[in-house]
Amino acid sequence: MNARPAALLRYHDLPILKPMYSIRILSGRAKGVTFPIDAPRTLLGRGPGVDLAFHDPALHRTHLEVEAHHDHVSARAVWPGDTFVWQGSTVKQACLHDGDVLTLGSVRFQIERRSD
């Protein structure tokens, strides 16, 4: 097998990885829905243009950016002045792990490490 030098790899040459984390909605109309974090960056907000949209006037169109890493998930509020609640504290950014609960506007959700 002829391997390409790393500098010549194209996006479609990269292996497809299973999502390691997901977001499980704990409240609201979407309660119980699980959304896999399957991209390096996932945007949450009121939309349009986000990966996970909530009908909540308290949110900006793009309110929260979630990034998946090997051993954790990072989250940060996108706009100055935006915040979210993580483990009971109001914050602008956080390093999240399996079981952590966040509140974004009126919606609560939990970060879950996937085992499949």
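Residues numbered from 1 in each chain as written. Predicted model: local features only at pLDDT ≥ 70, side-chain atom pairs only at ≥ 80, totals over all residues. Heavy atoms only, no water.

Let us look at the confidence of the model for the chain. Averaged over all residues, the pLDDT of the chain is 85; the fraction at 70 or higher stands at 83%. Within the chain, the element-level pLDDT minimum falls on strand β2 (residues 34–37), averaging 91, and the maximum on strand β8 (residues 89–91), averaging 96. (pLDDT = per-residue confidence, 0-100. Helix = DSSP H or I, 4+ residues; strand = E, 2+ residues; numbered from the N terminus.)

All right, on to the pattern of salt bridges then. For the structure on display, the rule yields three salt bridges. Here Arg-24 makes a salt bridge to Glu-112, at a shortest N to O gap of 2.5 Å. Here Arg-24, found in strand β1 (residues 21–25), pairs with Glu-112, found in strand β11 (residues 107–113); they are 88 residues apart in sequence, far enough to count as distant. The salt bridge partner of Arg-76 is Glu-65, with a shortest N-O separation of 2.9 Å. One end of the pair, Arg-76, is in strand β6 (residues 73–77); the other, Glu-65, is in strand β5 (residues 64–68), with 11 residues separating them in the sequence. (Salt bridge = Lys/Arg side-chain N within 4 Å of Asp/Glu carboxyl O.)

Ranked by internal contacts, the top residues of the largest apolar core, which has 22 residues, are Ile-23, Leu-44, Leu-64, Phe-84, Leu-102, Phe-109 and Ile-111. Secondary-structure elements contributing two or more residues to this core are β1, β5, β6, β9 (93–96), β10 (101–104) and β11. (Core = buried A, V, L, I, M, F, W, Y, C linked by side-chain atoms within 4.5 Å. Buried < 20%, exposed > 50% of the residue type's maximum accessible area, 1.4 Å probe, protein only.)

This part is about unusual backbone geometry. Here the bond from Gly-47 into Pro-48 is cis, since omega is -5 degrees, no more than 30 degrees from zero. Position of Pro-48 relative to the elements: it lies in the loop between β3 (41–45) and β4 (52–53). At Gln-87, a position not held by glycine, the phi torsion is positive, near 50 degrees. Take Gln-87: it is sitting in the loop between β7 (84–86) and β8. Note on Gln-87: relative accessible area 47%, which makes it partly exposed.

As a further point, take the sheet that holds β2. With antiparallel pairing, six strands are arranged side by side in an open sheet as β2-β1-β11-β10-β7-β8. Looking at which strands have only one partner, the edges of the open sheet turn out to be β2 and β8. Direction aside, neighbouring strands of the sheet carry axes that sit 30 degrees apart on average. As paired elements, β7 and β8 share three bridges and run antiparallel to each other. (Pairing = 2+ DSSP bridges. Axes fitted to C-alpha atoms, helices over the stretch in contact; angles between N-to-C directions.)

Looking now at the environment of Asp-38. With respect to the secondary-structure elements, Asp-38 resides in the loop between β2 and β3. Among the residues examined, Asp-38 registers a relative accessible area of 54% and is labelled exposed. Residues Asp-38 and Tyr-21, spaced 17 residues apart in sequence, show a C-alpha to C-alpha distance of 7.8 Å.

The five strands are arranged β4-β3-β5-β6-β9 in an open sheet whose pairing can be described as mixed. Edge positions in the sheet fall to β4 and β9, since each of these pairs with one other strand and no more. Relative to β6, β5 is paired through five bridges, and the arrangement is antiparallel. Bridging across to β6, Leu-64 finds its partner in Ala-77.

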